[in-house]
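# Results of the structural survey
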4 protein chains.
Amino acid sequence: MSEKTTKKHHDPVLAEARRKQVLKAAEDCFRRKGYHGAGMAEISKTAGMSAGHIYNYFASKEAIIESIIQQDMEEMFSIFQQFEDQSGELVKVMIEGCDHGVERHLNREDGILKIEMLAEAARNPKVAFLLQESDTQARTRMRGLLVGERSQVKDVTDKELDARINVMFAMFSGLLLRRTLYPELQKDTILLALRPVVKTLLTPF
Amino acid sequence: MSEKTTKKHHDPVLAEARRKQVLKAAEDCFRRKGYHGAGMAEISKTAGMSAGHIYNYFASKEAIIESIIQQDMEEMFSIFQQFEDQSGELVKVMIEGCDHGVERHLNREDGILKIEMLAEAARNPKVAFLLQESDTQARTRMRGLLVGERSQVKDVTDKELDARINVMFAMFSGLLLRRTLYPELQKDTILLALRPVVKTLLTPF
Amino acid sequence: MSEKTTKKHHDPVLAEARRKQVLKAAEDCFRRKGYHGAGMAEISKTAGMSAGHIYNYFASKEAIIESIIQQDMEEMFSIFQQFEDQSGELVKVMIEGCDHGVERHLNREDGILKIEMLAEAARNPKVAFLLQESDTQARTRMRGLLVGERSQVKDVTDKELDARINVMFAMFSGLLLRRTLYPELQKDTILLALRPVVKTLLTPF
Amino acid sequence: MSEKTTKKHHDPVLAEARRKQVLKAAEDCFRRKGYHGAGMAEISKTAGMSAGHIYNYFASKEAIIESIIQQDMEEMFSIFQQFEDQSGELVKVMIEGCDHGVERHLNREDGILKIEMLAEAARNPKVAFLLQESDTQARTRMRGLLVGERSQVKDVTDKELDARINVMFAMFSGLLLRRTLYPELQKDTILLALRPVVKTLLTPF
DNA sequence: TATGAATGAGAGTTCATTCAT
DNA sequence: CATGAATGAACTCTCATTCAT
């Protein structure tokens, strides 16, 4: 976790701002052109700084996408946090949460970015590791919710729990692909069938 | 629809055989290394012909993946055909079909190939068009099944039908990603929760 | 000795010719600009082929200088071979050989090339290894001559033998530097003092 | 002779101290990594000042190595001074001096630094000029010793004198290379053969 | 039909140097 | 005097594509 992460910067505030600048630009470019389609030249232009300068903040292009993945992970954590903080029966809370969930996952550009990460995982073991680690954490948090007091499925077997979690995750991440495959698809349409499915997954079969 | 698809070949039978050879080799390579990870040199070696010769059958590397997508579409059709040919209540038929469906979609290499196609769609409009066309056809076939005599949901509104189809497609295509994110995941685990969900999607809410 | 030495070439004769072409061009460029001063662009232009094509024959720029070193080694071997093949008292043979030896070592451009190799050895362990290996072989051959029947010092201790060899080698390789430091220096001038020294080194003290 | 050597500094004493600081740091770095291997960043860190600030004292990286060479020249002078100050027969004095001489010239890092300078001379005329000037001065001092009262060769021809000097210089500078080519070589081994050679060079043939 | 030698544009990256502060 | 953020040109190397044979 400390191989060559950062060189010391005199002004950490500026440094952090610049890192953000680069990450934002890279996200934009990767979304538009894909990881391989976007060159450092384009990223640097988008970020408003020279290509060489980016290397003062990131060791490589690879390090940039790794950073984006980690950022992604942190966003995901905050979403779970919200669920954990909310009171009330889990089924109810999550069905209400579907609205935000679908919105997030139907966003076409987020989908593209996620696909790029997954594609990169096929060749880059570190990217694969980060994505897997992120997924493991997400499953763990989800399991925490499902075995909590407020859950109706807190007594099912571990294997069934795993099944429920994986199907739910498959469904949501599958949504990321749908806008690419079917751009006209609307959020409220999806919700019509998605909510019953979520209910199925959160109550005993 | 035929801009530069084929040049005239002296022996059309041999030509078609060679095209197949290339497509198969390219599929293999893309699965193993991804679209950008696999070079023309590797593809040509796998196909057992020179790199230069491939350009007698395909205008570019892009044209190869476009062809693979079209081929993929045809495979998908044959799967729907099977469902359509089978008799019995749709719910039962499809729940039994889940087994094959999960197997197909959990395969890690198929997942990689599909992800590569989707990633390419972000920058190549023709790829996007082909994938969307393929998806549209798949949804049409699926709708045909759901409004047929054997279906329990043949009377729901068009919008709800669309919802059910999209959620089901999201779930299955989402499975393609799971092996990359969670390599230890087993088919029988998934089926535990997937079958109830499929049932939910094929019966009135 | 076989990591990535050569890819298979259809026409080994052409391939060897191209390799020679590149080596010759690289030698020229390194001599004129030094290893770091000469870019692949310049080398390729000098060789009369594209930069990219060079990589069909050499894995890297490093591999090129390594090849030059090995070539150098082989030249050196053939020189020792000449001494070994010649009959007569060793002192006499070698003092006569001084003429060629000085000529070879006073050549300014050869000196520059050798200096570049030595400079590179300071940062590149493989280069260092090759040069050391070459030197070891040279010392071994030299020792072979010095302990032969025709030698007047065949009975000195190993350590003294080593001393004699190293001083002789130091002197000759030192000549490589002199033309850079003193361009007007002439061969016949050097020989005036060099021959007595060689005689000293080949006869008992 | 002062084209861009120094800009005006407010405090010339401090300025000179800073220059020394940089030269010392650069020498260290060049010794360890070579001229091209050591970056301005590393030099500035070693010198304990910012990279930018170095440019207040030196016009370029080249200017630094030029300065180091000049400094080197001065060291060399002081060594000749020692010989000139010493009394006694020259042969005896110098043979005793061999000990120090070999020590100095067998040092691997000194060798690297000198090689870097020579390599740089191939592309930088100013460096070449400085080194040649330095060598000319050294030969002049040496000639002074050889034609002095204490010398046994004070009556030989100018040409022979030149020969003797050049062979001696070749031999010693050649020693600089030997540690790179044969790291195990020991000082006392070398001395075994070097002293007889020095004697040969300082006495009539 | 088939080859693979050859190209060349463009990739990611490094680093001496500049300059606003 | 001193900094280090920022630049940009040049570097080595890759690879889809072309073409003489």
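Just so it is clear, the structure is predicted and the values come from calculations on it, not from any experiment. (Residues numbered from 1 in each chain as written. Chains lettered and ligands numbered in written order. Predicted model: local features only at pLDDT ≥ 70, side-chain atom pairs only at ≥ 80, totals over all residues. Heavy atoms only, no water.)

### Notes on the overall build of chain A
In terms of helices and strands, chain A carries 9 helices and 0 strands. Reading the helices (α) and strands (β) of chain A from amino to carboxyl end gives α-α-α-α-α-α-α-α-α. C-alpha atoms of chain A, sized along the principal axes, occupy 55 × 40 × 30 Å. Residues counted as buried form 53% of the 205 residues belonging to chain A. Considering only intrachain contacts with a sequence separation of at least 6, the fraction spanning at least 24 residues in chain A is 72%. As presented, chain A carries roughly 9,800 Å² of accessible surface, and 53% of it is formed by carbon and sulfur atoms. (Helix = DSSP H or I, 4+ residues; strand = E, 2+ residues; numbered from the N terminus. Buried < 20%, exposed > 50% of the residue type's maximum accessible area, 1.4 Å probe, protein only. Contact = heavy atoms within 4.5 Å. Areas by Shrake-Rupley, 256 points an atom, 1.4 Å probe, with all protein chains shown as cover.)

### Some words on the interface of chain B and chain A
The interface of chain B with chain A comprises 49 residues on the first partner and 48 residues on the second. Taken over both partners, the interface formed by chain B and chain A buries close to 4,300 Å², and the fraction arising from carbon and sulfur atoms is 69%. It is Leu118, Arg178 and Leu181 of chain B that lose the most area in chain B upon contact with chain A, and together they represent 14% of the buried surface on that side. Here chain B and chain A share 6 salt bridges between them. A salt bridge links Arg123 of chain B to Glu116 of chain A, with the nearest nitrogen and oxygen atoms 2.4 Å apart. (Buried area = accessible area lost by both parts, 1.4 Å probe. Salt bridge = Lys/Arg side-chain N within 4 Å of Asp/Glu carboxyl O.)

### Considering the protein's contact with DNA strand F
Near DNA strand F lie 30 residues; those nearest to it are Arg18 and His53 of chain A, Tyr55 and Lys61 of chain C together with Arg18 of chain D. Of all atoms in DNA strand F that approach within 4 Å of the protein, 66% are sugar or phosphate atoms. A distance of 2.7 Å is found between a phosphate oxygen of DNA strand F and a backbone nitrogen or oxygen belonging to Ser50 of chain A. Lys61 of chain C has a polar side-chain atom sitting 2.5 Å from a phosphate oxygen of DNA strand F. Counting residues per element, the ones that place at least two in the surface near DNA strand F are α3 (51-54) of chain A together with α3 (51-54) of chain D. Residue classes in the surface near DNA strand F are distributed as 10 nonpolar, 16 polar and 4 charged. (Near = heavy atom within 4 Å. Polar contact = N/O pair within 3.5 Å; in protein donor to acceptor, adjacent residues only side chain to side chain. Nonpolar A, V, L, I, M, F, W, Y, C, P; charged D, E, K, R; others polar.)

### Describing the UniProt feature "DNA-binding region" (unreviewed entry) in chain A
Mapped onto the present numbering, the UniProt feature "DNA-binding region" (unreviewed entry) falls at residues 39-58 of chain A. When the span residues 39-58 of chain A is considered, its composition is 60% helix and 0% strand, and the gap between its end C-alpha atoms is 15 Å. (UniProt positions renumbered as here; feature names shortened; annotations may be inferred.)

### Some words on the relation of the copies chain B and chain A
Relative to chain A, chain B is turned by 178 degrees and slid 0.0 Å along the rotation axis, the superposed coordinates differing by an RMSD of 0.6 Å. What the superposition gives is, in effect, a two-fold axis relating one chain to the other. Both copies present the same face, since 96% of the interface residues in chain B are matched by interface residues at the equivalent positions in chain A. (Least-squares fit on C-alpha atoms with pLDDT ≥ 70 in both.)

### Thoughts on the protein's contact with DNA strand E
In the neighbourhood of DNA strand E, 31 residues make up the surrounding shell, with Tyr55 and Lys61 of chain A, Arg18 of chain B together with Arg18 and His53 of chain C lying closest. The contact atoms of DNA strand E, taken as those within 4 Å of the protein, divide so that sugar and phosphate hold 67%. Within the backbone of Ser50 of chain C, an N or O atom sits 2.7 Å from a phosphate oxygen of DNA strand E. Only α3 (51-54) of chain B together with α3 (51-54) of chain C provide two or more residues apiece to the surface near DNA strand E.

### Quick word on the environment of Val153 of chain B
All names here are of chain B. Assignment of secondary structure puts Val153 in the loop between α7 (125-146) and α8 (158-181). Linking Val153 and Ala26, residues 127 residues apart in sequence, is a C-alpha distance of 41 Å. Not counting the four nearest positions on each side in its chain, Val153 is found in contact with Leu146, Leu161, Arg164, Leu202, Thr203 and Pro204.

### Here we look at the packing of helix α6 (residues 108-121) of chain D against helix α7 (residues 125-146) of chain D
Residues and elements named next belong to chain D. The geometry of α6 relative to α7 is characterised by a closest axis approach of 7 Å and an angle of 125 degrees between their N-to-C directions. Taken together, the axes of α6 and α7 lie oblique to each other. Along the contact surface, α6 presents Met117, Leu118, Glu120 and Ala121, while α7 presents Val127, Ala128 and Leu131. Of the residues belonging to the contact of α6 with α7, the class tally is 6 nonpolar, no polar and 1 charged. (Axes fitted to C-alpha atoms, helices over the stretch in contact; angles between N-to-C directions. Parallel < 35°, antiparallel > 145°, perpendicular 65-115°, else oblique.)

### Some words on the interface of chain D and chain C
At the junction of the two partners, chain D supplies 49 residues and chain C supplies 48 residues. Each partner contributes to the roughly 4,300 Å² buried at the junction of chain D and chain C, and carbon and sulfur atoms together form 68% of this total. When the buried surface of chain D facing chain C is broken down by residue, Leu118, Arg178 and Leu181 of chain D rank first, second and third, together holding 14% of it. Linking chain D to chain C there are 6 salt bridges. The tally of links from chain D across to chain C stands at 15 residue pairs in polar contact (both at pLDDT 80 or more). At the level of secondary structure, the elements contributing two or more residues to the side of chain D that touches chain C comprise α6, α7, α8 (158-181) and α9 (187-202) of chain D. Among the elements that line the side of chain D that touches chain C, the one with the most residues is α8 of chain D, at 17 residues. Its residues assigned to classes, the side of chain D that touches chain C shows 27 nonpolar, 10 polar and 12 charged.

### Points about the UniProt feature "domain: HTH tetR-type" (unreviewed entry) in chain A
Here the UniProt-annotated "domain: HTH tetR-type" (unreviewed entry) positions come out as residues 16-76 of chain A. For residues 16-76 of chain A, the end-to-end C-alpha separation is 21 Å, with 75% helix and 0% strand making up the annotated structure.

### Side note on the pattern of salt bridges
One pass over the full model with this rule turns up 68 salt bridges over all chains. For Asp188 of chain D, the salt bridge goes to Lys159 of chain C, with nearest N and O atoms at 2.6 Å. Remark: Lys159 of chain C occurs in helix α8 (residues 158-181) and Asp188 of chain D occurs in helix α9; the pair is interchain, linking two chains. For Glu160 of chain D, the salt bridge goes to Arg164 of chain D, with nearest N and O atoms at 2.7 Å. Residue Glu160 of chain D and its partner Arg164 of chain D are both found in helix α8; the two are separated by 4 residues, about one turn of the helix.

### Describing the domain arrangement of chain A
All names here are of chain A. Its domain assignment divides chain A into domain 1 (1-59) and domain 2 (61-201). With centres defined by C-alpha atoms, the gap from domain 1 to domain 2 works out at 27 Å. Domain 1 puts 17 residues into the contact, and the matching count from domain 2 is 16 residues. Around 1,600 Å² of area is buried between domain 1 and domain 2 when both sides are counted, 63% of it from carbon and sulfur atoms. Summed over the three residues of domain 1 that lose the most area to domain 2, namely Phe30, Arg31 and Tyr35, the buried surface amounts to 45% of that side. At the junction of domain 1 and domain 2, the tally comes to 1 salt bridge. Across the pair Arg31 and Asp110 runs a salt bridge, and its minimum N-O distance is 2.9 Å. Inspection of the domain 1/domain 2 interface yields 8 residue pairs in polar contact (both at pLDDT 80 or more). (Domains from an automatic or database assignment.)

### What about the arrangement of the chains?
Between chain A and chain C there is no contact; the minimum C-alpha to C-alpha separation amounts to 20 Å. One finds no contact between chain A and chain D; the C-alpha atoms of the two approach each other to within 12 Å at their closest.

### Remarks on the relation of the copies chain D and chain C
Superposing chain D onto chain C takes a rotation of 178 degrees plus a shift of 0.0 Å along the axis, which leaves an RMSD of 0.6 Å. Residue by residue, 96% of the interface of chain D is reproduced at the interface of chain C, so both copies engage with the same surface.

### A look at helix α2 (residues 40-47) of chain D
Residue and element names in this part refer to chain D. Of the positions making up α2, those classed as buried are Met40, Ile43, Ser44 and Ala47. Projected down its long axis, α2 shows its buried positions confined to an angular sector of 95 degrees, all on one face. Exposed residues pointing more than 90 degrees away from the buried face of α2 are listed as Ala41 and Lys45. Residues of α2 that are buried in the fold lie against α1 (12-33), α3 and α4 (61-85). (Arc of directions from axis to C-beta.)

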